[in-house]
Amino acid sequence: MAEIKLACDCGKVQGQAHDMDAQKGNRLTCCCYDCQAFAFYLMELGRSNHPAILDQYSGTDIFQMPISNLTIDQGIEEIACIRLSDKGMNRWYAKCCNTPIGNTLGRNMPFIGVVHNFMRHQTSRVDEIGQNRAYVQTHEIKKQIPSALKGSSAKAVMRGIGKILSWKLKGLNRPSVFFTQEGSPIVSPIIKRKSEIMQNIKTN
Ligand SMILES: [Zn+2]
Ligand SMILES: [Zn+2]
């Protein structure tokens, strides 16, 4: 059983992704404007010398996995959440050092897209969760991604949807560390429009 260690940059928040590997989850890099806004929001809050969230193509390397396979063993009180719209994804982060944790929908959806910064690989990322399968949502970015890196976005998205459906059937939306028994988020999400976040970036 492959356990992947999870931790924020300062180490206050720690957890585990249980029984996960390349086959059991879905690794992809998302270039959508929302993921970029989330990264900019955290950069604005301050990440001093911590590793970058976005890669050179403005992509966020994420690993989609069942939420029930993720536990937080320490520092749960440091977890915060932002939404870019009233009904948008819940984007979780560690407020102690502004490390992105991952993205979820509501408590009925069985997955989390764990952001690479929150994973502490013992060997290597490729070894533990495989190669990046594809860059997705690339229409929002201007830079050309080399085709060798790009992969098939449609295939990776379909694979993700297939996984999520099977996790849903298995009831892997529970337990979730991010939602209470009653189904509300463990902390109230901050609502911040992406236009507001991106505006700050442009004026700085
Ligand atoms: Zn921290
Ligand atoms: Zn995205």
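All of these numbers come straight from a predicted model, not from anything done at the bench. (Residues numbered from 1 in each chain as written. Chains lettered and ligands numbered in written order. Predicted model: local features only at pLDDT ≥ 70, side-chain atom pairs only at ≥ 80, totals over all residues. Heavy atoms only, no water.)

Draft legend 1. Region of the structure containing the coordination of the zinc ion (ligand 2). Surrounding the zinc ion (ligand 2) are the protein donor atoms Cys30 (SG), Cys32 (SG) and Cys35 (SG), at 2.2 Å. Sequence spacing of the donor residues for the zinc ion (ligand 2), all on one chain, is C-x1-C-x2-C. Using a relative accessible area of 8% as the deciding quantity, one classes cysteine 30 as buried. (Donors = N, O, S within 2.8 Å, 3.2 Å for Na, K, Ca; no water. Buried < 20%, exposed > 50% of the residue type's maximum accessible area, 1.4 Å probe, protein only.)

Draft legend 2. Quick peek at the packing of aromatic side chains. For the structure shown, the criterion picks out five aromatic pairs. Ring centres of tyrosine 57 and tyrosine 135 lie 5.8 Å apart, and the angle between their planes is 90°; on these two criteria the pair is classed as edge-to-face. In this pair, tyrosine 57 sits in the loop between α1 (33–45) and β4 (60–66) while tyrosine 135 sits in strand β11 (residues 135–136), placing the two residues 78 residues apart along the sequence. Neither tyrosine 57 nor tyrosine 135 differs from the other in exposure class; each is buried. Residues tryptophan 92 and phenylalanine 179 carry aromatic rings whose centres are separated by 6.0 Å and whose planes lie at 85° to one another, so their mutual orientation is edge-to-face. In this pair, tryptophan 92 sits in strand β7 (residues 90–94) while phenylalanine 179 sits in the loop between α4 (153–169) and β12 (190–191), placing the two residues 87 residues apart along the sequence. (Phe/Tyr/Trp six-rings, centres within 6.5 Å; stacked < 30°, edge-to-face > 60°. Helix = DSSP H or I, 4+ residues; strand = E, 2+ residues; numbered from the N terminus.)

Draft legend 3. A look at the sheet that holds strand β5 (residues 70–74). Read from one edge to the other, the open sheet built from four strands follows the order β5-β2-β1-β10, with strand pairing classed as antiparallel. Looking along the sheet, the strands with just one partner apiece sit at the ends: β5 and β10 (119–120). In this structure, strand β1 (residues 4–7) lies alongside β10, joined through two bridges in antiparallel fashion. Within β10, the residue paired with leucine 6 across the bridge is methionine 119. (Pairing = 2+ DSSP bridges.)

Draft legend 4. Expanded view of the nonpolar core. Core analysis: the biggest nonpolar cluster contains 25 residues, and Met65, Leu70, Val114, Phe118 and Phe178 have the highest contact counts within it. Every element with two or more residues in this core is listed here: β1, β4, β5, β6 (79–83), β7 and β9 (111–115). Residues in contact with leucine 70, not counting those within four places in the same chain, are Leu6, Gln16, Met65, Ile112, Val114, Val177 and Phe178. In this structure, Leu28, Ala80, Tyr93 and Val136 belong to the second largest nonpolar core, which totals 22 residues. (Core = buried A, V, L, I, M, F, W, Y, C linked by side-chain atoms within 4.5 Å. Contact = heavy atoms within 4.5 Å.)

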